[in-house]
Structure formats: structure tokens, C-alpha cells
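Geometric and topological summary
Residue strings, one per chain:
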Amino acid sequence: MGILNDDAVLIEPGKNSGDPTMVTVNCPDESGLGSTLCRIILEFGLSITKADFSTDGRWCYIVFWVSPDNGSSRFDWDSLKNRLLSACPSCLGSYYSSLQSSNVSKPPSLYLLKFFCRDRKGLLHDVTKVLTELEFTIQRVKVTTTPDGRVLDMFFITDAMDLLHTKQRQTKTCDHLTAVLGEHGVSCEIELAGPELESLQRFSALPPEAADELFGSDVTSISNKVVLTVDNHLSPAHTLLHINCIDQKGLFYDILRTSKDCDVHIAYGRFSSKVKGYRNLDLFVRGTDGKKIADPKHQDSFCSRLKEEISCPLRVIIANRGPDSELLVANPVELSGKGRPRVFYDVTLALKSLGICIFSAEIGRHSTLDRQWEVYRFLLEERREFPLDRARNQIVERVTKTLMGW
């Protein structure tokens, strides 16, 4: 993305064991940069414990205090720094801006990872964990279980390192998968996903009744748990939004991505530490015209959307698919076309913790009147020791808590 000084991203460990790590980003600003940085942090499995955010439209200064979700002290901070640096605009002005624009417009190459092995409990999550740690993004997945207890898994992935075209990167990926699967054995293949593989990505349409339950649910009662106040008197140039809500995984990301999609620019923000499970946020914002958000209709529209995205960033239900049970998880897609990070990872982790096997899985998109959604479909395997018809509420609750970090 052009030439950028390494000092644009600084990472400082906490003074004591267990203290959050401070990540400072100091670089030229661009539209949606804060959302992009939050997304990367979320992709790495980090929680933002607090943050300070300021920009004048030309330069951006953000400090994140972050901790790994699993509490692990082992973490590849150098890799995180490189990813954050790659998202920062160049410091060298318009010449490099044109180069950046051409690079950004080029979509990442899509690869098909295909492996065949014996099935076992937790297999899908263990594979997903390997791919996540290797910095792959799962775009689509097709998982099929054969009658003789074997699985054919096809993952359509992109590589954040942009090295999957090399033999070394492909070999390393297959070696990591083989090490995790062990005696269950694995046949692993990686190839560039060309047009001839397009049919493998097709997403079967949702049944109307399932779509109605998933997207037609009323979030009014949930959004009442979010207190959002608007003040146009405190600052001469900005509208102040004060938010009080329950803490959850990806909260700061949800706020920044929603603001970006609604063309609301955050000039200054403070994301304070949680108190008794709640967060307080102060955001000084402007509209696209660089002025306060004074129009009541604009205020109501933005605040309503923000409340909904904070209250219900994900939808989780279990529906009938013939005689079987199907877990459906949906999240709104950003206007940039990207879905929420690590959803597949978290859902498979929750199902593994319950000892539930996944018969098949797929990821696709579904459009409603006002937006596009990313939908994850998991056909669950019925087991005598865990009857699914009596455990639906337990499954939905466990998956929701894992996704929200509760």
C-alpha cells in the first residue's frame, strides 16, 4: 500500500502479566480506516478492552488496548503489526495514493482447499482453527459426510499474506492440517479457484419460513437495552453521541462499521473500560458535509440503525430441514462486501464444546429489502446421547454466548 514508516504502528506489551497490550496507529486518514483496523484486530482473535480515536480528516491517531480472547500469552504480534501497517494509507501523498487505489481494487485470489479424511467430533473446528491461525479467511465452505463415516471438506479461502500461490505456503498448510488430524489421515489439495469451480460455491436458498424467522425478528425489545443520547450543544463543530450498552465481542467494530456504512465520520471517540458488564462510549461525529448531524430525520435514522447493529449484530436460530435440525447464523454484510470475521470459528467452537457433530456446512449470502446478509448453515447430526429436539435452546444459547463473548 505504498511506503510507510514502521512507527505508524507501535505495539507495547502491558507492564504486568495479564495487562492489555497497547497498539498505537498513527498514519494518514481515509474513509473507514478505523473500521478496517478494528476488523483486523477482531480477525486475530483479540478483544478491544478500551480505545481512544481521533482524526481531523487528514491524519488519524488511534490507541487500542487489546487482549487475546483465550487469555494466551503466546501471540504473533509481529504478524498483527504487519497486517495493520498494510491497512494504513501511505504518507507520501497523491503519487502513492494512485498506486494504492490500483492495489486496493484488485480482489485477493480465491483458492480451493480440499481434503478427505475420517470424521470425528470437533473435526471442523480443529481445521478452522488451523486455517485461522495461518491467517486465511474462509469465504465459502462445503462440508459433506459420506455414509462410511468420512468427510469431504472444501474451503474457499483467501490468504492475508498473499503467498498461497507458492509451494512453500501450500506445503506448510497441508502439513499443519495433517499434524492436527493425526491418525485420522488426510488427503490435502490446494488449487486456484477458477470459473470451473463456481458451481461448488452455490448456496442453496433458505426456506421462506426460516428466512422469516431469521430476518423478520423484532429487535425493538433488545435495542431498548442500548441507551443512546445525542447532544448538539456541547461542541461547536460536532455532534456528540453517548452510548451505554452491554459489553460484547466486536462492539467497537460494530459501531465503526455502522458509522462508515451510514456515511457518518467519527472525529473523536473514547471507548472506556467496562464496568459491571457495561460499556460507555463518547463519539464526536460529523456528516458527509463536514457539519453536525442536525436534521432530526438523519439523527433518528442513524441512531435507530446503530442501536440495531449494537443490539443484534448476529442472528441465531435452529430450523427444521426435513427430519433434521439445521443451525442458522446470520450477520449483516458491510457495504464493502465483507462479512463479520471469525463467525465460522466461533460457531464450530461452540458446537464442539457441546459434543455436537456437524453433518454438513455451507456459507452463503442472502438479500433482504434493505441489506445483504452472510448466512452460515450447519446441518447437525442426531446422536442418541444428545437429542437435538430437546437441546435446541441450549445450542442457540451456547452459540450466541460464544459469538458475543459472554
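Residues numbered from 1 in each chain as written. Predicted model: local features only at pLDDT ≥ 70, side-chain atom pairs only at ≥ 80, totals over all residues. Heavy atoms only, no water.

Comments concerning the state of the cysteines
Note: disulfide means a covalent bond formed between the sulfur atoms of two cysteine side chains. Applying the stated criterion across every chain yields a total of 1 disulfide. The disulfide that involves Cys-174 links it to Cys-188, with 2.4 Å between the sulfurs. The chirality of the disulfide connecting Cys-174 with Cys-188 is left-handed, given an S-S dihedral of about -70 degrees. With Cys-174 in helix H5 (residues 167–181) and Cys-188 in strand E8 (residues 187–192), the pair connects residues that are 14 residues apart, well separated along the chain. Side by side, Cys-174 and Cys-188 carry an identical accessibility label, which is buried. Of all cysteine sulfurs in the structure, the one in Cys-88 sits closest to Cys-27, which takes part in no disulfide; the separation is 3.6 Å. (Disulfide = S-S within 2.5 Å. Helix = DSSP H or I, 4+ residues; strand = E, 2+ residues; numbered from the N terminus. Buried < 20%, exposed > 50% of the residue type's maximum accessible area, 1.4 Å probe, protein only.)

Some points on the environment of Lys-142
Residue position: Lys-142 is located in strand E6 (residues 136–145). Residues Lys-142 and Ala-361, 219 residues apart in the sequence, show an inter-C-alpha distance of 5.8 Å. Within the structure, Lys-142 has its side chain in polar contact with the side chain of Glu-362 (distance 3.1 Å). (Polar contact = N/O pair within 3.5 Å; in protein donor to acceptor, adjacent residues only side chain to side chain.)

Section: helix H1 (residues 33–43)
An α-helical segment advances 3.6 residues per turn. Residues three or four places apart therefore align on the same side. Counting buried positions along H1 yields 10 of 11 residues, so the element is predominantly enclosed. Taken together, the buried positions of H1 are Leu-33, Gly-34, Ser-35, Leu-37, Cys-38, Arg-39, Ile-40, Ile-41, Leu-42 and Glu-43. For H1, the secondary structure elements touched by its buried residues are strand E2 (21–28), strand E3 (46–55), strand E4 (59–68), helix H2 (77–87), helix H4 (123–133) and helix H8 (251–261). (Contact = heavy atoms within 4.5 Å.)

Focus: the sheet that holds strand E13 (residues 315–321)
Across the sheet, which stays open at both edges, the 8 strands sit in the order E8-E5-E7-E6-E15-E16-E14-E13 with antiparallel pairing between neighbours. The open sheet terminates on both sides in strands that have one partner only, identified here as E8 and E13. Here the strands of the sheet are splayed against their neighbours by 25 degrees on average, with no regard to which way each runs. Lying on the sheet, H4 is in contact with strand E5 (111–118), E6, strand E7 (150–159) and strand E15 (358–367); it crosses E7 at an angle near 20 degrees. Running over the sheet, H5 touches E5, E6, E7 and E8 and is turned about 150 degrees from E8. (Pairing = 2+ DSSP bridges. Axes fitted to C-alpha atoms, helices over the stretch in contact; angles between N-to-C directions.)

Description of the environment of Asp-300
Structurally, the position occupied by Asp-300 is in helix H9 (residues 296–311). What makes Asp-300 exposed here is its relative accessible area of 55%. Sequence spacing of Asp-300 and Val-230 is 70 residues, and the spatial spacing of their C-alpha atoms is 9.9 Å.

Some remarks on the side chain of Arg-315
Note that Arg-315 resides in strand E13. Looking at Arg-315, the relative accessible area reads 5%, which means it is buried. There is a polar contact of 3.0 Å between the side chain of Arg-315 and the backbone oxygen of Leu-214. Within the local environment of Arg-315, its side chain forms a polar contact with the side chain of Glu-308, the two groups lying 3.5 Å apart.

A short note on the confidence of the model for the chain
Mean pLDDT over the chain stands at 87; residues scoring 70 or higher make up 88%. Here residues 92–104 is a poorly scored stretch, pLDDT under 50, and it has 9 contacts once near neighbours within four places are set aside; other chains count. (pLDDT = per-residue confidence, 0-100.)

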